[in-house]
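The primary structure of each chain is shown beneath.
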Amino acid sequence: MTHRGAWNSRWSFVLATTGSAIGLGNIWKLPYMIGVNGGSAFVLIYILSILCVGIPLLMTEIMLGRRVQKNPIDAMKSLAKESSRSNNWKYVGGMGMLTGVMILCFYSVIGGWVLSYISTAVQEGFTGITAEQSSANFGDLLASPLTLLFWHTLFMIITMGVVSRGVTSGLEKANNFLIPALFIILFILLGYSMSVGDMQTSFDFMFKPDFSKISPITALAALGHAFFSLSIGMGSVMVYGSYLKKDVSISRTSIYIAIADTLLGLLVGLAIYALVFANHLDPSEGPGLIFQTLPIAFGQMPWGNFFGILFFILVAFAASTSAISLVEPTIAWIVENTRIGRQKACLGLGLFIWLIGLSVLLSFNVWQDVKLIFGLGIFDTLDKLTSTIMLPFGGLLMAIFAGYFMKKRHSKDELDLTAKTYNLWRMANNIIAPIAICSVFLYLLNIV
Ligand code: PFF
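Here is what the cut-offs are and how they apply
- Each chain has its residues counted from 1, running along the sequence as written.
- Totals for whole chains, interfaces and linings use all residues, but because this is a predicted model, local features are given only for residues with pLDDT of at least 70 and pairs of side-chain atoms are given and counted only at 80 or more.
- Water and hydrogen atoms were dropped before computing side-chain values, which therefore reflect all heavy atoms in the structure.
- A run of DSSP states H or I qualifies as a helix once it reaches four residues; a run of E qualifies as a strand once it reaches two. Both are numbered from the N-terminal end.
- Within these notes, the globule rule equals 2.2 Å times the number of residues to the 0.38 power, and the radius of gyration is based on C-alpha atoms.
- Classification of residues uses two cut-offs on accessible area relative to the type maximum, computed with a 1.4 Å probe and protein chains only: under 20% is buried, over 50% is exposed, and between them is partly exposed.
- Between rings of Phe, Tyr and Trp, where Trp is taken as its six-membered ring, a pair exists when centres lie within 6.5 Å; planes separated by under 30 degrees are stacked, by over 60 edge-to-face, and by other angles tilted.
- Should the NZ of a Lys or the CZ of an Arg lie within 6 Å of a ring centre and within 35 degrees of the ring normal, that charge is described as sitting over the ring.
- Working rule for helices: expected span equals 1.5 Å times residues minus one.
- By convention in these notes, a residue is near a molecule or strand provided one of its non-hydrogen atoms lies within 4 Å of it.
- Side-chain atoms alone can form a polar contact between residues adjacent in sequence; in general such a contact is a pair of N or O atoms within 3.5 Å, and within protein one must be able to donate a hydrogen while the other accepts it.
- As defined here, a cavity is a set of points on a 1 Å grid over the protein atoms alone where a 1.4 Å probe fits but cannot get out. A pocket is an open set with protein on both sides within 12 Å along at least five of seven lines, and residues line them when an atom is within 4 Å of a point.
- For this analysis, a molecule is said to be in a pocket or cavity if more than half of its atoms are within 2 Å of the grid points defining it.
- Each residue is assigned to one class: nonpolar for Ala, Val, Leu, Ile, Met, Phe, Trp, Tyr, Cys and Pro, charged for Asp, Glu, Lys and Arg, and polar for all the others, Gly among them.
- Grid points are joined across faces, edges and corners, and a volume is the space filled by probe spheres set on the points.
- We call two residues contacting when some pair of their heavy atoms lies within 4.5 Å.
- What we call a nonpolar core is a set of buried Ala, Val, Leu, Ile, Met, Phe, Trp, Tyr and Cys residues that are connected through their side-chain atoms within 4.5 Å.

A.B. asks: Break down the overall build of the chain for me, with residues and values.
C.D. replies: Across its full length, the chain carries 18 helices and zero strands. For 448 residues, the compact-globule estimate of 2.2 N^0.38 gives 22 Å, and the chain sits close to it at 21 Å. Across its three principal directions, the C-alpha atoms of the chain cover 65 × 50 × 40 Å. Within the chain, the proportion of its 448 residues that are buried is 60%.

What follows is the structure in structure tokens.
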């Protein structure tokens, strides 16, 4: 029997799952995706995806994990057995674990960028930096494989170090102060952006509906990002749910997590685009967006260097709590199914991810021209494959299992909702989410 940890309190679970949700996806990815995908059209579909698909599937995934208290593969196996269904459902768990590992291969490289910005903020500061200098600094970082390698390695060591200490001791401590601190610094940044940036244009860019920009690609990107941002579709929330005690309301918790996650992402977006427009920068800059814009703000605002250091430290923490949740499912599976201990499992898997990460960091410089599928580079291939295909597909299968294959009384029992809200969840899980995911997939394949 392997010892399984349990969260010490309901609050720790909420914070840990929010910690998994809030990460580079909100602070680095959402802002640039909004710019690349045409602003408000993307935001609108993103919010709809969170409401109609994200929240119900977050509930589904927590429910599946808590019901059987196991890692994703064993959880799906037990759940299927409990409802007398095929053992093959375990592959849903397996695919999820693979997705998490694949995401971490690039996530850790971006986490490395954040660490390198902490070091720059501490050593040189951003005082008086111009838009051109800021872009040039970011370009220099990307052009230097050795620097990227150093920071990617450090990020992996930190992540695997926390995971190797186990779920209750490592994760809870990291999360308890992080989220509140992140919100506080964000409000300071937002206040600054409001006073010097072009908040009106930023607001219009993000929220004034422009239906002409809605396309299947925008829809897929927004839906995929809803999965990425809430950490659903790959079993990470399932594992966290499996450590959750039985007396906690899954629905309330899910809504809380989704609100915190979405709010944080959109507020970062507002702050950043106010600066982008005030400094005549390009909103569709891509993955370098926050690294090029924020130093300008920190370079001009009072106490800017202090806030800059604090901001990047908090982002690094947020990234590492998410990174942890990307590998925890696989580590839990290894520890519970083999004789390999947690430390060794972390070392082995960490090395593997680090190695693949090397190809990602090279794709920003010497391997820039290497193309894998659909003419995409290594970073883009891993990113698009996981966010827009594997996560929504994983979520779809979990929804189908929970809605059509799991015994109704089991989900009823676990979700513990009133009849009306249970039916609402069922409608979203069984009908709305699958239709939304399938139609976007079909669109993509040019079938509709
Ligand atoms: N939600 C995280 C973020 O927004 O940065 C990334 C992530 C973590 C995605 C865990 C998926 C996951 F299972």
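A.B. asks: An account of the packing of aromatic side chains is needed here, citing residue identities and associated values.
C.D. replies: Within the structure shown, the criterion is met by 30 aromatic pairs. A centroid spacing of 4.9 Å and a plane angle of 55 degrees characterise the contact between phenylalanine 205 and tyrosine 273, whose relative ring orientation is tilted. With phenylalanine 205 in helix H9 (residues 199-207) and tyrosine 273 in helix H12 (residues 250-278), the pair connects residues that are 68 residues apart, well separated along the chain. The pair phenylalanine 205 / tyrosine 273 is uniform in exposure class, with both members buried. One Lys or Arg, lysine 29, reaches over the ring of phenylalanine 228 and ends 4.1 Å from the middle of that ring.

A.B. asks: Give me helix H13 (residues 289-300): which residues, what numbers.
C.D. replies: For H13, with twelve residues, the first-to-last C-alpha span of 18 Å sits near the 16 Å given by 1.5 Å per residue. Counting buried residues along H13, eleven of its twelve residues qualify, which places the element largely inside the surrounding structure. Listed as buried for H13 are Leu289, Ile290, Phe291, Gln292, Thr293, Leu294, Pro295, Ile296, Ala297, Phe298 and Gly299.

A.B. asks: Quick rundown of the site of the ligand? Include the residues and the values.
C.D. replies: The ligand sits among 15 residues. The nearest are Ala21, Gly25, Tyr107, Phe228 and Met234. The separation between an oxygen atom of the ligand and a polar main-chain atom of glycine 25 is 2.7 Å. One nitrogen or oxygen atom from the main chain of phenylalanine 228 is found 2.7 Å from a nitrogen atom belonging to the ligand. Under a 2 Å grid-point criterion requiring more than half of the atoms, the pocket assigned to the ligand is the largest cavity. Elements that contribute at least two residues to the shell around the ligand include exactly helix H1 (10-21), helix H2 (24-36), helix H10 (216-230) and helix H14 (304-337). Class assignment of the residues belonging to the shell around the ligand gives a composition of six nonpolar, nine polar and no charged.

A.B. asks: Lay out empty space enclosed by the protein in plain terms, naming residues and giving numbers.
C.D. replies: According to the stated counting rule, one finds two cavities of 30 Å³ or more in the structure shown. Estimated volume of the largest cavity: approximately 130 Å³. As for the largest cavity, its lining consists of 18 residues, of which Ser20, Ile103, Phe228, Ser231 and Leu326 are closest to the centre. Those elements that place two or more of their residues in the lining of the largest cavity are H1, H2, helix H5 (90-123), H10 and H14. Counted by class, the lining of the largest cavity contains nine nonpolar, nine polar and no charged residues. Taken as a whole, the second largest cavity spans an internal volume of roughly 30 Å³. Ile27, Leu182, Leu186, Leu264, Val268 and Phe311 together form the lining of the second largest cavity. Contributing elements (two or more residues each) for the lining of the second largest cavity: helix H8 (167-196) and H12.

A.B. asks: Lay out the side chain of serine 83 with the relevant residues and their values.
C.D. replies: Counting through the fold element by element, serine 83 comes out in the loop between helix H4 (72-82) and H5. Non-local contacts of serine 83, meaning those with residues more than four positions away in its chain, are made with Phe405, Met406, Lys407 and His410.

A.B. asks: How would you summarise the nonpolar core if you had to cite specific residues and measurements?
C.D. replies: What tends to happen in soluble globular proteins is that the nonpolar side chains get buried as a cluster. Within the largest apolar cluster, 155 residues are counted, with the highest numbers of intra-cluster contacts made by Leu64 and Trp113. With 17 residues, the single largest contributor to this core is H5.

A.B. asks: Can you lay out the layout of surface pockets for me, pointing to particular residues and giving the numbers?
C.D. replies: A probe as big as a water molecule, rolled over the atoms, marks out the empty space that is left. There is about 600 Å³ of room inside the largest pocket. What lines the largest pocket is a set of 25 residues, among which Ile217, Leu220, Leu376, Lys384 and Thr388 lie closest to the centre. For the lining of the largest pocket, the secondary structure elements donating two or more residues are H2, H10, helix H16 (378-405) and helix H18 (419-444). If one sorts the elements of the lining of the largest pocket by residue count, H16 sits on top with eight residues. In terms of residue class, the lining of the largest pocket is made up of 15 nonpolar, six polar and four charged. Each pocket or cavity is described by its volume, and for the second largest pocket that value is around 280 Å³. Ile55, Met59, Thr421, Leu424 and Trp425 are, among the 13 residues lining the second largest pocket, the residues nearest its centre. In terms of residue count, H18 provides more of the lining of the second largest pocket than any other element does, six residues in total. Residue composition of the lining of the second largest pocket, by class: eleven nonpolar, two polar and no charged.

A.B. asks: Go over unusual backbone geometry with me, naming the residues and quoting the values.
C.D. replies: Excluding glycine, most residues fall at negative phi; most peptide bonds, likewise, are trans. For histidine 280, which is not a glycine, the phi torsion comes out positive at approximately 55 degrees. Along the chain, histidine 280 turns up in the loop between H12 and H13. Histidine 280 sits in the exposed class, given a relative accessible area of 73%. Even without being glycine, phenylalanine 374 reaches a positive phi, approximately 50 degrees. Mapped onto the elements of the fold, phenylalanine 374 is located in the loop between helix H15 (342-362) and H16. Taking relative accessible area as the criterion, phenylalanine 374 reaches 77% and is therefore assigned exposed.

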